[in-house]
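Residue-level listing of the chains:
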Amino acid sequence: MEIKIEDVSSTRKTATVTVPASKISELRNKIISQYAAQARVPGFRPGKTPAAIIRQRYGKEIEKELLQSVVQEAYAGAREEKSIEIYSLVDVGEPKIEDGRDAEIRLEIDIVPAFTLPEYKGIEVPAADTSVSDADIAAAVEGLRKQRAEFKKIDDAASAGDYVKLSYEGKIDGEAFPEIASVYGKQTGTWEEAGAEDALGASVKEIAAALVGMKAGDKKEITVTFAADFVNEALRGKTAIYTLDVAEVRQRVLPELDEKFFKSLQVADESEMKKQVRDGLEANKKNAARSKTRETIIAKLNEMVDFDLPQSAIDRESQNIFYEFANSQLRQGVKLEEIEAKRDELLDDTKDAAKTRVKTQLILNAIAKAEGVKVEDADITNRIRQEAYISGMEPDKFAKELTKNRSRIIEMQANIRYNKALDIVVAAAKEVATK
């Protein structure tokens, strides 16, 4: 099989593969035999129909399958070419198959770029402080008390931390909010925490702040100017006037640190509770530090080496990031058609992040090769259990569904490989004290 490689760019090539007529004949005969084994032709026993009749009856189908087989043969041959490492097949020309003649199959491919790995062992990372103070524990205990608080209806004005039932409506220049931001514009009979600093979802923190001092039956108008980086783009920089109407106030009553409270936490006493809290905080800080170290190392690896990236990889990652964003927007109530209308703009915005992801993957893949990293069956099993747990499915059912999606399996194997390579770099990192 003759293979000719031509440059399109540093990462894109054209591979022209000559598939011999003898190989094409072999592939055609194999396909005809498969059809003959299954065909039911009057006058012939199953499997005994002459090849000429099979070809006459199923000619179009056979030639279509033959073309696919010849292209696959050509691609397999190109992958064996030692001078390049194929990243992906971008396009196939318009191949023609003729009896008794060699076929030239033109493949457009992206290749894995060649680069020299930087010294990835001994990368310096800031030493993390994972200590837990008494103040940290006290704040966590206060959080546990808030989670188990009771809310008593009161006639007095709301204090910070109380919950208020209210209705509100906002207008911008006297008009209702645009549909894409309507969830922020009007709510009826909703509950808000008075004075909350971390208002989430459809909440507006200025509304939460305004509720402090209001009581049932009170009405108030407030002016809110949305920040330039507000989560909903349609409201960025806009000024709205909200009308608030309070229906009810409930005072947060924290539980005492007594036997009933300890029992709800499944601990014997205050000492055991604090130990449990300390252990949990330490574990959280260590996990956060580990994540930060990995982020730091990935950033440094990207800074240490530079090379051209295959365009097909960037395009694929841009799509992945877009779908992640789209799913997030859908969960927030944004309509699908509104997202689709901005698809091109959003895809452009993902390019830089996509390039970083692709570069990171290529570096980690090279490290995995250098270190002889292998993805074992146990690695796949553990990942299936983790993803099944996240998705709320039984592992066996999740695994069964996974077998129907070959690309998802390949992606899972690649991610495991990348993470094992990153683990090696993290383990060899050098912690340095921060100034």
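Residues numbered from 1 in each chain as written. Predicted model: local features only at pLDDT ≥ 70, side-chain atom pairs only at ≥ 80, totals over all residues. Heavy atoms only, no water.

### Quick notes on the overall build of the protein chain
So, point 1. The helix and strand tally for the protein chain stands at 15 helices and 12 strands.
So, point 2. Oriented by its inertia axes, the alpha-carbon framework of the protein chain measures out at about 95 × 55 × 45 Å.
So, point 3. Expressed as a percentage of contacts within the protein chain between residues at least 6 apart in sequence, the contacts between residues at least 24 apart total 70%.
So, point 4. Surface accessibility of the protein chain: about 26600 Å² in total, with carbon and sulfur atoms responsible for 47%.
So, point 5. Distance from the positive charge centre (68 side chains) to the negative charge centre (78 side chains) of the protein chain: 5 Å. (Helix = DSSP H or I, 4+ residues; strand = E, 2+ residues; numbered from the N terminus. Contact = heavy atoms within 4.5 Å. Areas by Shrake-Rupley, 256 points an atom, 1.4 Å probe, with all protein chains shown as cover. Lys, Arg positive; Asp, Glu negative; His and termini not counted. Charge placed at Lys NZ, Arg CZ, Asp CG, Glu CD.)

### Observations concerning the sheet that holds strand S1 (residues 2-7)
Pairing between the strands of a sheet is mediated by backbone hydrogen bonds and can be parallel or antiparallel.
So, point 1. Pairing in this open sheet of 4 strands is antiparallel, and the strands run S1-S2-S4-S3 from one edge to the other. Strand pairing shows two members of the sheet lacking a second neighbour, S1 and strand S3 (86-92), which therefore form its edges. Neighbouring strand axes in the sheet, compared pairwise and without regard to direction, differ in orientation by 30 degrees on average.
So, point 2. As judged from the 6 bridges shared by S1 and strand S2 (residues 12-19), these two strands associate in the antiparallel manner. (Pairing = 2+ DSSP bridges. Axes fitted to C-alpha atoms, helices over the stretch in contact; angles between N-to-C directions.)

### A few points about the environment of Thr239
So, point 1. Structurally, Thr239 can be placed in strand S11 (residues 239-253).
So, point 2. Look at Thr239 and you get partly exposed, because its relative accessible area is 36%.
So, point 3. For Thr239 and Ala227, which are 12 residues apart along the polypeptide, the C-alpha to C-alpha distance reads 9.4 Å.
So, point 4. Dropping the residues within four chain positions of it, Thr239 is found in contact with Lys171, Ile172, Thr223, Val224 and Thr225.
So, point 5. A distance of 3.0 Å separates a polar atom in the side chain of Thr239 from a polar atom in the side chain of Thr225. (Buried < 20%, exposed > 50% of the residue type's maximum accessible area, 1.4 Å probe, protein only. Polar contact = N/O pair within 3.5 Å; in protein donor to acceptor, adjacent residues only side chain to side chain.)

### Some thoughts on the packing of aromatic side chains
So, point 1. Counted by the stated rule, this structure contains 10 aromatic pairs.
So, point 2. The lysine or arginine in question, Lys359, covers the ring of Phe307, its NZ or CZ lying 5.9 Å from the ring centre. (Phe/Tyr/Trp six-rings, centres within 6.5 Å; stacked < 30°, edge-to-face > 60°. Lys NZ or Arg CZ within 6 Å of the ring centre and 35° of its normal.)

### Brief notes about the packing of helix H1 (residues 21-38) against helix H3 (residues 59-79)
So, point 1. For the pair H1 and H3, the least separation of the axes is 10 Å and the interaxial angle reads 135 degrees. Taken together, H1 and H3 sit at an angle that is classed as oblique. Relative to H3, the crossing made by H1 is right-handed. Here Lys23, Ile24, Leu27, Arg28, Ile31, Ile32 and Tyr35 of H1 come into contact with H3, specifically with Glu61, Ile62, Glu63, Glu65, Leu66, Ser69, Val70 and Glu73.
So, point 2. When the residues that make up the contact of H1 with H3 are grouped by side-chain class, the tally is 8 nonpolar, 1 polar and 6 charged. (Parallel < 35°, antiparallel > 145°, perpendicular 65-115°, else oblique. Left-handed = near helix turned anticlockwise from the far one by under 90°. Nonpolar A, V, L, I, M, F, W, Y, C, P; charged D, E, K, R; others polar.)

### Thoughts on unusual backbone geometry
So, point 1. Unlike most non-glycine residues, Asp173 shows phi in positive territory, near 55 degrees.
So, point 2. By secondary structure assignment, the location of Asp173 is in the loop between strand S7 (163-172) and strand S8 (175-176).
So, point 3. The backbone of Gln266 shows a phi angle near 60 degrees, a positive value even though the residue is not glycine.
So, point 4. The topology assignment puts Gln266 in the loop between helix H7 (259-264) and helix H8 (270-304).

### Focus on the nonpolar core
So, point 1. Among the nonpolar cores identified, the biggest contains 27 residues, and Val70, Ile105 and Leu107 are the most heavily contacted of them.
So, point 2. Residue assignment for this core shows that the elements contributing at least two residues are S2, H1, H3 and strand S4 (103-111).
So, point 3. Residue contributions to this core peak at 7 residues, all from H3.
So, point 4. If we skip the residues at most four places from it in the chain, Ile105 touches Ala15, Thr16, Val17, Val19, Val70, Val71, Ala74 and Pro95.
So, point 5. Within the second largest apolar cluster, 25 residues are counted, among which are Ala194, Val204, Ala210 and Ile222. (Core = buried A, V, L, I, M, F, W, Y, C linked by side-chain atoms within 4.5 Å.)

### With respect to the side chain of Thr190
So, point 1. For Thr190, the location among the structural elements is in strand S9 (residues 186-193).
So, point 2. Sequence-distant contacts of Thr190, that is, excluding residues within four places in its chain, are made with Val164, Lys165, Leu166 and Tyr168.

### Some thoughts on the packing of helix H13 (residues 377-391) against helix H15 (residues 406-427)
So, point 1. Packing of H13 against H15 brings their axes to within 11 Å, and their N-to-C directions diverge by 105 degrees. The orientation of H13 with respect to H15, classified from their angle, is roughly perpendicular. Each of Asp379, Ile380, Arg383, Ile384 and Glu387 in H13 lies in contact with H15, whose residues at this interface are Arg408, Met412, Gln413, Asn415, Ile416, Asn419 and Lys420.

### Looking at the pattern of salt bridges
So, point 1. Per the counting criterion, the structure on display carries 33 salt bridges.
So, point 2. Salt-bridge contacts for Glu179 lead to Lys335; the nearest nitrogen and oxygen are separated by 3.7 Å. Highlighted residues: Glu179 in the loop between S8 and helix H5 (182-185) and Lys335 in the loop between helix H9 (311-331) and helix H10 (336-341), separated in sequence by 156 residues.
So, point 3. Residue Lys335 is classed as partly exposed on the basis of its relative accessible area of 38%.
So, point 4. The partner of Lys219 in a salt bridge is Asp245, and the shortest N-O contact between them spans 2.8 Å. In this pair, Lys219 sits in strand S10 (residues 219-225) while Asp245 sits in strand S11, placing the two residues 26 residues apart along the sequence.
So, point 5. Residue Lys219 is classed as exposed on the basis of its relative accessible area of 60%.
So, point 6. Asp245 gets classed as partly exposed once you look at its relative accessible area, which sits at 31%.
So, point 7. Salt bridges linked by common partners bring Arg28, Arg55, Glu63 and Asp99 together as one network. (Salt bridge = Lys/Arg side-chain N within 4 Å of Asp/Glu carboxyl O.)

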